[in-house]
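# Architecture at a glance
Next come the chains, spelled out residue by residue.
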Amino acid sequence: MNVPERMRAAVLHGKEDVRVETMPVPRPAAGELLLKIGAALTCGTDLKVFRRGYHAAMIKPPSVFGHECAGTVAAVGDGARFAPGDRVVVANSAPCGTCYFCARAQENLCEDLQFLNGAYAEYLRVPERFVRKNAYAVPAGLPFEHAAMTEPLACVVHGLDETAPKAGERVAVIGLGPIGLMFVALLRERGCRVAGVGRHAPRLDLARKLGAETVLEADANGAWMEQMRQGERLDVVIEATGLPEVWAQAIGLVRRGGRVNLFGGCPDGTTVALDTKRMHYDQITLFSSFHHRPADIQAALGAIARGTVKPADFITEEHALDALPGLFAEMLRTKRQVKACIRP
Ligand SMILES: [Zn+2]
Ligand SMILES: [Zn+2]
């Protein structure tokens, strides 16, 4: 493959400031890959980062931006595990494999977890550890934009693995962004009965389409909470908004003996008060699953390849790279899109 000298790439400069710029195409060192991006997907985390201007763990500006992608290997460094022309999906993090947490299959908590950004670009250099630990061949016939949904789906796979909802259990998903909607899809696949709560009509419709039997609009006065309480008991509640007040609501909604996954990460420094009587005498179990492990990435790619989760349900539009800054500004305002595909 002929690799040019220069490329276009989106750079995050700060709060609501993303620019598409021209820069040199990186060259892969030993063990590394250069990926020609086939498709990159927008993500709720990117929107959050765009609004705040940084992410404490994952990205400090100025930095190339975007983390959900798949593409074709354009060049390889010595000893890399793939060959030019291979279709590859890479996760946005790579664990060290040797620390206390990695030794306990909790690679998401790795003491030296490295993050990869730069999906919104024509080319992405994939560092050696990512190639070794968390890059995978895209199954034949699977479009890049479908493979690119592996990473967010892996977070959901991780959350379900910990919460372990069983067939027939009634599960509420609060927050119907892309992550909440992926929960709906995988919960249905497990035979759970799902109630979804969200704000935006297209997303409520998609929750229904994905098989939620109850879909409620999250009104400001909390009428949805009352409706939820009057319905059948909830065995499991998944919180997918990242708002402390919704964390508290989620704990309040689950049945006695139920499980709650506080899945949405809240802003730094926020706290939630716990009703000790409720927690103990009603025997509530809390989970708060963060990120994903390589095994979750593999399971998510498998679920996409098998058609258990259909990325086409989630990817509501497609744009060129130059449209990205305007698209982010619009996504913050309208929440019309679930996920958008960027084709650099
Ligand atoms: Zn993401
Ligand atoms: Zn580690």
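Worth saying up front: this structure is predicted, and the values here are computed from it rather than measured. (Residues numbered from 1 in each chain as written. Chains lettered and ligands numbered in written order. Predicted model: local features only at pLDDT ≥ 70, side-chain atom pairs only at ≥ 80, totals over all residues.)

### Structural notes on the sheet that holds strand β2 (residues 17-24)
The condition that has to hold: The pairing criterion is simple: DSSP has to find at least two bridges between the two strands. Secondary structure elements are defined from DSSP: runs of H or I of at least 4 residues count as helices, runs of E of at least 2 residues count as strands, and each element is numbered from the N terminus. We call two residues in contact if the C-beta atoms placed from their backbones are at most 7 Å apart. Think of each axis as a best-fit line through the C-alpha atoms, taken over the contacting stretch in the case of a helix, with angles from 0 to 180 degrees between the N-to-C directions.
Taking strand neighbours across the sheet as the criterion, the 3 strands line up as β2-β1-β4 in an open arrangement whose pairing is antiparallel. Taken across any chain shown, the strands that pair with only one partner, and hence form the sheet edges, are β2 and β4 (63-64). As defined by bridge partners, strand β1 (residues 6-14) adjoins β2 across 8 bridges and the pair is classed as antiparallel. Directly across from Arg8, in β2, lies its bridge partner Thr22. Across the sheet, helix α11 (residues 324-334) lies against β1 and β2, angled at about 160 degrees from β2, the strand it touches most.

### Observations concerning helix α1 (residues 44-52)
Let me state the cut-off plainly: Buried, partly exposed and exposed are defined by the number of other C-beta atoms within 10 Å of a residue's own C-beta, namely 20 or more, between the two limits, and 12 or fewer respectively, with C-beta atoms placed from the backbone.
The set of residues buried in α1 consists of Gly44, Thr45, Asp46, Val49 and Phe50. On its buried side, α1 packs onto β1, β2, α5 (178-189) and α11.

### Description of the domain arrangement of the protein
For clarity, the cut-off: Each domain's extent was defined by an automatic or database domain assignment. Residues are grouped as follows: Ala, Val, Leu, Ile, Met, Phe, Trp, Tyr, Cys and Pro are nonpolar; Asp, Glu, Lys and Arg are charged; all remaining types, including Gly, are polar.
Per the domain assignment, the segments making up the protein are domain 1 (6-149 + 314-343) and domain 2 (154-287). Each of domain 1 and domain 2 was reduced to a C-alpha centroid, and the two centroids are 28 Å apart. Facing 9 residues of domain 1, the contacting portion of domain 2 comprises 10 residues. Residue composition of the side of domain 1 that touches domain 2, by class: 4 nonpolar, 2 polar and 3 charged.

### Notes on the pairing of strand β6 (residues 87-90)
Burial of the side chains of β6 extends over both faces: Arg87 and Val89 are buried on one face and Val88 and Val90 on the other. Where strand β5 (residues 69-76) and β6 come together, 3 bridges link them in antiparallel fashion. Among the inter-strand pairings, Thr72 is bridged to a residue of β6, identified as Arg87. One ladder, built from 3 bridges, connects β6 with strand β10 (residues 135-137); its direction is antiparallel. In the sheet register, Val88 faces β10, and the bridge partner there is Ala137.

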